Amino acid sequence: MNDLLFELLLPELFDYATCLEYMERSALECLYRADSTGVTRLFELGSGPLLIKLTMRDGSFIQARLLHGSVPGIEEQERLARYITEWFDLDRDLTPFYTLAAADPLLGPLAVRFHGLRIVGIPDLFEALCWAILGQQVNLAFAYRLKQRLTAEYGRSMEWEGHTYYCFARPEDLLGVSVEELCALQLTRSKARTILEVAALLARGELSREALLDMPSPEAAEKELVAIRGIGPWTAQYVRMRCLRDPSSFPVGDVGLQNAVKVLTGMDKKPTPAELVGLSVGWRGWEAYATFYLWRTLY
DNA sequence: CTCCAGGATAGAT
DNA sequence: ATCTATCATGGA
């Protein structure tokens with residue numbers, strides 16, 4: 001099966017190959033498979049599981065093809081199209097970012113080197129929160145393993161042509177689960193407790209992406225998230241950046257960001273958050289993109 | 001054994 | 001409101 005479902009017109013300043021290079025960076029990523037031909041991912045948006053492959057046509061369209069599953073209805077296809085748009089930040093006009101980057105000694109070379117790279121997002125709030133929580137204070141390789149175990153245990157999967165594709169667990173999938181069960185997957189008690197708390201809040205409708213986006217400001221949404229035990233500034237800013245799509249989010253406490261700046265500027269030690277704020281005066285409004293491009297230099 | 005990794009919290013100052 | 005001791009797990 002290889003049905004073309006729909007096409008999305010790509011914006012200016014978008015480079016699919018550059019985005020794919022970023023997505024190929026970790027062989028440990030379990031929630032999609034990326035190679036130079038495209039990205040394949042398992043979706044659950046309504047009636048049943050859909051294995052979707054995104055490819056490029058003519059350098060100006062993304063094609064969504066159904067590899068396996070029953071052909072979704074129009075409403076489900078619209079949800080899929082919205083997901084893809086969010087995933088690759090297709091609605092964003094990057095012109096202002098490239099203008100300011102060109103005048104910035106740190107970002108200038110990166111804007112050339114990674115031209116057309118978008119912040120690859122995590123549209124699903126539960127997945128974004130879990131990924132951020134799992135990534136707290138551990139190296140990325142270990143964070144990927146934790147996510148893989150969590151997904152294999154509580155998510156769903158599909159075999160197709162010799163590969164296994166996974167869907168991340170939904171909040172409801174974790175409702176009866178205990179802290180001990182998650183600790184058995186090598187999560188710390190804090191990560192386990194926080195993920196279960198977030199799952200419960202989402203399942204009860206007391207937390208949602210829509211509600212966070214409806215708040216008066218991204219800062220207000222961040223405050224809401226930080227009120228949850230186990231979610232600090234870094235986690236909330238990370239979610240602002242990759243799920244809520246706030247281009248001005250700036251996770252200054254991020255060790256990866258600090259290391260990237262240290263290496264690129266030749267500093268003898270990592271910059272403090274205050275120093276990062278000082279460096280970023282020219283990035284106003286686009287700190288998240290600056291951060292993402294700086295992270296990109298680490299791989 | 002030590003130090004670090006895409007931190008957070010409670011308690012002290 | 002800002003510092004610091006502590007937690008906690010795997011990798012180098």
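Residues numbered from 1 in each chain as written. Chains lettered and ligands numbered in written order. Predicted model: local features only at pLDDT ≥ 70, side-chain atom pairs only at ≥ 80, totals over all residues. Heavy atoms only, no water.

Enquirer: Looking at this structure, how should I read the protein's contact with DNA strand C?
Expert: Every residue lining DNA strand C is accounted for by Q137, V138, N139, F142, R145, Q186 and T188. Within the side chain of Q186, one N or O atom sits 2.3 Å away from a phosphate oxygen of DNA strand C. (Near = heavy atom within 4 Å. Polar contact = N/O pair within 3.5 Å; in protein donor to acceptor, adjacent residues only side chain to side chain.)

Enquirer: What is the right way to read the side chain of K53 from this model?
Expert: Relative to the helices and strands, K53 is located in strand 4 (residues 49-57). Put simply, K53 is tucked away with no salt bridge, and the nearest opposite charge, on D35, sits 4.7 Å away. When near neighbours in sequence (up to four residues on either side) are disregarded, K53 contacts T37, G38, V39, T40, Q63, A64, R65 and L67. (Helix = DSSP H or I, 4+ residues; strand = E, 2+ residues; numbered from the N terminus. Buried < 20%, exposed > 50% of the residue type's maximum accessible area, 1.4 Å probe, protein only. Lys, Arg positive; Asp, Glu negative; His and termini not counted. Salt bridge = Lys/Arg side-chain N within 4 Å of Asp/Glu carboxyl O. Contact = heavy atoms within 4.5 Å.)

Enquirer: I keep staring at the UniProt feature "domain: HhH-GPD" (unreviewed entry) in chain A and nothing clicks. Help me out?
Expert: Feature annotation in UniProt assigns "domain: HhH-GPD" (unreviewed entry) to the following positions: residues 134-299. Annotation note: span residues 134-299, helix share 54%, strand share 6%, distance between end C-alpha atoms 20 Å. (UniProt positions renumbered as here; feature names shortened; annotations may be inferred.)

Enquirer: Please clarify how the pattern of salt bridges should be interpreted in this entry.
Expert: Opposite charge on two side chains lets them pair, provided their charged atoms get close. The final tally for this structure, using the stated rule, is 19 salt bridges. Note that R41 is salt-bridged to E127, the shortest N-O span being 3.0 Å. Of the two residues, R41 sits in strand 3 (residues 38-44) while E127 sits in helix 5 (residues 125-134), which places them 86 residues apart along the sequence. Classification of R41 as buried rests on a relative accessible area of 7%.

Enquirer: Sorry if this is basic, but what is going on with the protein's contact with DNA strand B here?
Expert: Surveying the vicinity of DNA strand B reveals 25 residues, the closest of which are L140, R229, G230, T235 and Y238. Interatomic distance of 3.4 Å between a backbone N/O atom of I231 and a phosphate oxygen of DNA strand B. A distance of 2.9 Å separates a phosphate oxygen of DNA strand B from a polar atom in the side chain of N259. Looking at the surface near DNA strand B, the elements that each hand over two or more residues are helix 11 (233-242) and helix 12 (255-265). Looking at which element gives the most residues to the surface near DNA strand B, the answer is helix 11, with 5 residues.

Enquirer: Teacher, can you tell me more about the packing of helix 12 against helix 14 (residues 287-296) here?
Expert: For any two helices packed against each other, one specifies the crossing angle of their axes together with the interaxial distance. For the pair helix 12 and helix 14, the least separation of the axes is 9 Å and the interaxial angle reads 70 degrees. Classed by the angle they form, the pair helix 12 and helix 14 counts as roughly perpendicular. Pair helix 12 / helix 14 crosses with left-handed handedness. Contacts between helix 12 and helix 14 pair G256, L257, A260, V261 and L264 from the former with T291, L294 and W295 from the latter. Its residues assigned to classes, the contact of helix 12 with helix 14 shows 6 nonpolar, 2 polar and no charged. (Axes fitted to C-alpha atoms, helices over the stretch in contact; angles between N-to-C directions. Parallel < 35°, antiparallel > 145°, perpendicular 65-115°, else oblique. Left-handed = near helix turned anticlockwise from the far one by under 90°. Nonpolar A, V, L, I, M, F, W, Y, C, P; charged D, E, K, R; others polar.)

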